[in-house]
Amino acid sequence: MKEEKNNKPKPEKKLIGRRELVSFPELDIEEIEAKVDTGAYTSAIHCSDIHEEVRPDGTKVIALDLLDPSHPQYNHKKLEFTEYDLREIKSSIGEKQERFVIRTKIKLFEEEIEAEFSLSDRSDMKYPVLIGRKLLQGRFVVDVAKKNLAHKYKIKHKQK
């Protein structure tokens, strides 16, 4: 005899565009432009001066500058993370690179989602943040003809 399927309704997926304004509450970054990329598995965020350090007590940390001085939202804050991974990630041109990966919260549609972000120098890319399909899966549907739907939703609901 077959087991009955759980008939809980699946949460409705929100529609997002090819570009979105996102925030990172834990990193003190508000409304930064992100490219939605269904071809990328892992999300990424632009950082500079990414390096591993060992504290006097022996604890390993990664230290970095979020964004870089040429970016308008650069806030001159040096960040350190004690919880991180080092993973092999395929770049946009298909090369495998070792990158540090952290978990942090991203805010879209007034919802905070904890997700993984690889740390990479995206200074040669148009968008400092890339949202990959691991973050998108089960939550969002992408309409490539639209952009900034989360920001428009925020503005519309503030007026009510």
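- An unreviewed UniProt entry annotates the chain as RimK/LysX family protein originating from Pontibacter anaerobius.

## Section: unusual backbone geometry
- Here glutamate 31, not a glycine, exhibits a phi torsion of approximately 45°, which is positive.
- Along the chain, glutamate 31 turns up in strand β3 (residues 29-36).
- The backbone phi angle of glutamate 110 is positive, close to 60°, even though this residue is not glycine.
- Take glutamate 110: it is sitting in the loop between β8 (96-108) and β9 (111-120).

## Things to note about the UniProt feature "domain: Retropepsin-like aspartic endopeptidase" (unreviewed entry) in the chain
- Look at the UniProt record and you will see "domain: Retropepsin-like aspartic endopeptidase" (unreviewed entry) annotated at residues 16-151.
- Within the segment residues 16-151, helix and strand shares are 5% and 55% respectively, and the terminal C-alpha atoms sit 10 Å apart.

## Some remarks on the environment of aspartate 65
- Inspection of the secondary structure puts aspartate 65 in strand β5 (residues 60-66).
- You can call aspartate 65 buried: its relative accessible area is 6%.
- When the C-alpha atoms of aspartate 65 and asparagine 75 are compared, they prove to be 8.8 Å apart, with 10 residues separating the residues in sequence.
- A polar side-chain atom of aspartate 65 sits 3.1 Å from a polar atom in the side chain of lysine 78.

Parameters at a glance
Residues numbered from 1 in each chain as written. Predicted model: local features only at pLDDT ≥ 70, side-chain atom pairs only at ≥ 80, totals over all residues. Heavy atoms only, no water. Helix = DSSP H or I, 4+ residues; strand = E, 2+ residues; numbered from the N terminus. UniProt positions renumbered as here; feature names shortened; annotations may be inferred. Buried < 20%, exposed > 50% of the residue type's maximum accessible area, 1.4 Å probe, protein only. Polar contact = N/O pair within 3.5 Å; in protein donor to acceptor, adjacent residues only side chain to side chain.

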